[in-house]
Amino acid sequence: MTPVRVGVFGLLGSGNLGNDGSLEAVLGYLRAEHPEAVVDALCGGPETVTARYGIPATRLHWYRGEYRTASRAGAVAGKGLGKLVDVVRTAAWVRRHDVVIVPGMGVLEATLPLRPWGFPYSLFLLCATGRLLGTPVALVGVGAAAIRDRPTRALVRWSARLAAYRSYRDVQSRDAMRAMGVDTTRDEVHPDLAFSLPTPPSPELSASLEQGGAPAPAGPPGLVCVGVMAFHGGNDDRARAEEIHRRYLDGTIRFVRALVEDGRPVRLLTGDGVDATVVAAILGAVDSPLVTAAEASSLAGLMKETAAADSVVAIRYHNLICALKTGTPVLALSYAAKSDALMAQMGLAEYCHPAREVDADRLLEQFRELEKHSAELRQTLAERNRAAARQLNVHFAALTATLFRTTSRKAP
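Residues numbered from 1 in each chain as written. Predicted model: local features only at pLDDT ≥ 70, side-chain atom pairs only at ≥ 80, totals over all residues. Heavy atoms only, no water.

Student: What is the right way to read the sheet that holds strand β11 (residues 311–314) from this model?
Tutor: Pairing is parallel in the open sheet, where 6 strands are placed in the order β10-β9-β8-β11-β12-β13. Lying at the two open borders of the sheet, with one neighbouring strand each, are β10 (291–293) and β13 (352–354). Across the sheet, the mean angle from the axis of one strand to that of its neighbour is 20°, orientation sign disregarded. Pairing of strand β12 (residues 330–334) with β13 involves 3 bridges; the strand directions are parallel. Counted as the bridge partner of S334 is P354 from β13. Lying on the sheet, helix α12 (residues 337–345) is in contact with β12 and β13; it crosses β12 at an angle near 160°. (Pairing = 2+ DSSP bridges. Helix = DSSP H or I, 4+ residues; strand = E, 2+ residues; numbered from the N terminus. Axes fitted to C-alpha atoms, helices over the stretch in contact; angles between N-to-C directions. Contact = heavy atoms within 4.5 Å.)

Student: How should unusual backbone geometry be read in this particular structure?
Tutor: As a rule of thumb, non-glycine residues mostly have phi less than zero, and peptide bonds are mostly trans rather than cis. Located in the positive-phi region is M105, a residue other than glycine, with phi close to 70°. Here M105 shows up in the loop between β4 (99–103) and α4 (119–133). Note on M105: relative accessible area 3%, which makes it buried. Positive phi is not limited to glycine here, since D287 has a value of about 50°. Within the fold, D287 resides in the loop between α9 (276–286) and β10. (Buried < 20%, exposed > 50% of the residue type's maximum accessible area, 1.4 Å probe, protein only.)

Student: What exactly am I supposed to notice about the pairing of β12 here?
Tutor: On a regular strand, each side chain points to the face opposite its neighbour's, so the side chains alternate between the two faces of the sheet. For β12, the tally of buried residues reaches 5 of 5 residues, placing the bulk of the element in the interior. In β12, alternate side chains face the same way, and those of V330, A332 and S334 on one face and L331 and L333 on the other are all buried. By the bridge criterion, 3 bridges tie β11 to β12 in an arrangement that is parallel. Residue pairing for β12: V312 is matched across the bridge by V330. Assessed by its sense of winding, the connection that carries the chain from β11 through helix α11 (residues 317–325) to β12 is right-handed. Between the parallel pair β12 and β13, the chain is carried across by α12, and the sense of this crossover is right-handed. (Right-handed = clockwise from strand over helix to strand, strands pointing away.)

The structure is reproduced here in structure tokens:
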């Protein structure tokens, strides 16, 4: 028998820590349950993926300027040619594999600005060539949301229909695909893949768990982590993107300033390289030694930051996961249904605040209420994390039964 060839696909290694965390979770599963598998990637940042995870990787797009705005004739022609070349490249890559896995990520949603001929087109090529060539494509633990833009919705719908396996990170995602015309009868819902990642070791956390209690804060007294984002609304908010961003940034600055006035040290967290501009704006506006910025390059690094905090306020989805997984009470600046769903799953449904309409005074009230119930929330999170780990074990067992049952190949 020759090793099973497994491909992983997505905007991986491109600077988004949540996407890379999903990849890390799937690689952990493969290495534990299918150590004989030969794994490589078709992704956005192949050099980063190879250096960080030790697997061969190929660039997702032939045209290197794919995500830059094309204003000149040469750039427009290059993008157009790239779409045709990528048909051949994707098919050739898919043909070399027995199974292709799309690990987590919000690949079936457009909750942030998204052009149909970018990643949605790439995902459609993957699923279509997988179906034509007989290579099963699995969308594993993905996020989905209703999409208004017709071309994007059509590409996402057909990608889902052509995939051989689908599972979702929340019920809302499955419902959204059903509403878009996909038969989800056999599709399952499990916690986000990132909940299967190891929690960074912490002496305080370990001691608390050994005593049977909820995790205790591990860092300086009063530390608050504030996760930020270069947020301009979603696909349907392009007309007022700058207004949304200004309201979000002004509200966040006012909130951080109020914490500093109370003598609270604040640690700013990001989840993507584009968030650096927001960090710089907050540091400049508040101008206090109590406000510092973390430089985490992975979800493990973010988890270390959140584990050291008394409380967290965050907007990016995987910043929320990092806080929840480390048992740290968190308040979500919610910009999409996925954040609300995640907080409800973990027992913190009432601690959400709209990211498009940040009201610093109301946010501060909610934050103080969160801290007032910190001890009981930590206990709730400890219980929900244990349940999430059990559910993900079931998820991975289902993956093995579905995808690897018939993929072993006899040597020629």
